[in-house]
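Here is how the chains run, residue by residue.
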Amino acid sequence: MKNKKTILISVIGLLVISFFSLYISLDAMNAEREKKDNYFNKTLKRIVPQNIKNYLRDTIFVFKKVSVLEQQLADRDKQIWDLLNNQSFFEFKKNEIKNKKLNDVNLILKTFTPFKRSEAAKKELKNDLAAIGPGSRSYLSYYNQNLFLITGTGILMYASLDNLKDENFVFKRIETNFMELVDVDYIKENKSLVRNFLIKNDKIYVSYIKKVKDECFTSAILVSTFSFDKMIFSEFFDIDICEPIYPGNTGGNLSDFKDNKILMTIGDYDSYERIEQKHKKTQDINSPIGKIISIDEKTKEYKVVSLGHRNAQGLYYDKGNNVIFSTEHGPQGGDEVNINTSPDGEAENFGWANSSYGEHYGFPEVDNSEEYKIAPLNKSHANYGYIEPLKFFSPSIAPAQIIKTEKFIKLPNKNIIYVGALGYTFEHGRRCIHQFILDADLKIEQHNIMPVGERVRDMIYIEELDKIFMILEYSGSIGVLEVKKT
Ligand SMILES: [Ca+2]
């Protein structure tokens, strides 16, 4: 009797072991585990017919199959991430040259697309930069004869002026502590945290969306002493708010200003689109929401330079004339180019969300009478005491960076600005460069549009090369615009 019991327990035990061995052995994809397979497992695997294995996998072990697939995806993601994260050089390959025109000036547009280095990137993604994300949302800065590029994930790289002259677009990575400081998982989740950067006087400032804790986001700036070896960032500034949802309309553009100050645009954090956002304070001078602010580099104190902005993605300070140029995304229509001719005095008011040439999303089909109660979007700005936009766009063009230069295309006694447009379609001047020729009083004389065919995220004019450099989404390319020599 006792013997029978022992045999029964042994058989059950063996069955349990077999069951688990089979369970483990089914995970044939997992190389690590494969190594650990013992002889028993292998034998078992051999003697169980494939159709039964498949049946077991798809029924009893279906949860296992799902987790294996999930693990495979996560592993591949990690492999790509690690590979690119350890990459020290990013090579951009030159594409076919395109002829362009702005009014009657003949131009050449050259584009340089990141090299498809890794097999994984070749197969799964457009290019290496796309793999580390965003591939696309990146920004440019020029400092001491080097062109710097930062991705939305905080990867920083540069190419020298000599390289650019030779059209040798190999960017060298600069090590930073950005990943450690900001948190790798948060970066992987969002991939476009960085919203601009600025290098001046041996300091680099990086604007980004900071996650303070779960359901608590704010606009912040990191700072590091400039170094080609390693940038060690620390927290420089944040607007000390706690918004519950990762925001869309954050602004975040930076510009040099005067008197040891820098400028920053702060979006309205989707105040009028998402009920969860608490701060509908674009018209409240005591809140940083929906403002352009100046920040003292030494004291870190900030001052509101202008208010009533929705989502200013373009910012340019014209030192010579002491004028701030900005662009902002309106809601459905009502995108704007704005000029602040007195950045020193009382804060100027650009109207959002009392005045806008746009409408709330879905208008007129959607009943958004509640939105119009809190944000009436009066068309006129001047009638309500606000500054009229220099130019508004309805339908929207999604304007991003704005720059001003009279050196690129030379016209006497004119002010010339260039605005890059994003957008998800090609109509209405989206994915174009808009050139505005202004008279001495900053009134528009001409508005010329040059199609680019890609979202123009950032722009910078480099005088030594007499070229405009730009970031083109989604291919993550660098565009170079130059006047065609005749
Ligand atoms: Ca406005």
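Within each chain, residue numbers correspond to sequence positions counted from 1 in written order. It should be noted that, the model being predicted, local features are given only for residues of pLDDT at least 70 and side-chain atom pairs only at 80 or more, the latter also being counted only at that level, while totals for whole chains, interfaces and linings use all residues.

S.K.: Quick question: what am I supposed to make of the sheet that holds strand E24 (residues 432–438) here?
M.R.: Strand pairing in a sheet relies on backbone hydrogen bonds. The paired strands run either parallel or antiparallel. At least two DSSP bridges between two strands are needed for those strands to be called paired. Elements are defined by DSSP. Helices are runs of H or I of four residues or more, strands are runs of E of two residues or more, and each kind is numbered from the N terminus. Spatial ordering of the open sheet is given by E22-E23-E24-E25, a layout of four strands whose pairing is antiparallel. Each end of this open sheet is capped by a strand with a single partner; those strands are strand E22 (399–404) and strand E25 (444–451). The average undirected angle you get between the axes of adjacent strands in this sheet is 20°. Between the N-to-C directions of two axes lies an angle of 0 to 180 degrees, each axis being a line fitted to C-alpha atoms and, for a helix, fitted only over the stretch in contact.

S.K.: Could you clarify how one ought to interpret the pairing of strand E16 (residues 302–307) in this entry?
M.R.: A regular strand places its side chains so that they alternate between the two faces of the sheet. Two strands pair when backbone bridges link them, and strand E15 (residues 291–296) and E16 are joined in this way by five bridges, in the antiparallel orientation. Across the sheet, residue Ser-294 finds its bridge partner in E16, namely Lys-303. The hairpin formed by E15 and E16 contains five residues between the paired strands, and Lys-300 there has a positive phi angle of roughly 65°.

S.K.: Before we go on, may I ask you to explain the nonpolar core in this structure?
M.R.: In terms of nonpolar packing, the biggest core is built from 88 residues, with Ile-150, Phe-197, Val-206, Leu-263 and Val-456 touching the most fellow members. We call two residues in contact whenever the C-beta atoms placed from their backbones are within 7 Å. Discounting residues that sit within four places of it in the chain, Leu-263 has contacts with Leu-254, Ser-255, Phe-257, Ile-292, Ser-294, Val-305, Leu-315, Tyr-317 and Ile-324. Listed in part, the seven residues of the second largest apolar core include Trp-352, Ala-353, Ala-375 and Leu-377. Here, a nonpolar core denotes buried Ala, Val, Leu, Ile, Met, Phe, Trp, Tyr and Cys residues that are linked to one another through C-beta atoms within 7 Å. Counting other C-beta atoms within 10 Å of its own, a residue is labelled buried from 20 upward, exposed at 12 or fewer, and partly exposed in the gap between, with every C-beta atom placed from the backbone.

S.K.: Sorry if this is basic, but what is going on with the sheet that holds strand E14 (residues 261–266) here?
M.R.: What the five strands build is an open sheet, ordered E13-E14-E15-E16-E20; its pairing is mixed. Unpaired on one side and paired on the other, strand E13 (251–256) and strand E20 (348–349) mark the two borders of the sheet. Summarising the sheet, E13 and E14 pair through four bridges and their orientation is antiparallel. Bridge pairing links Asp-256 to Ile-262 in E14.

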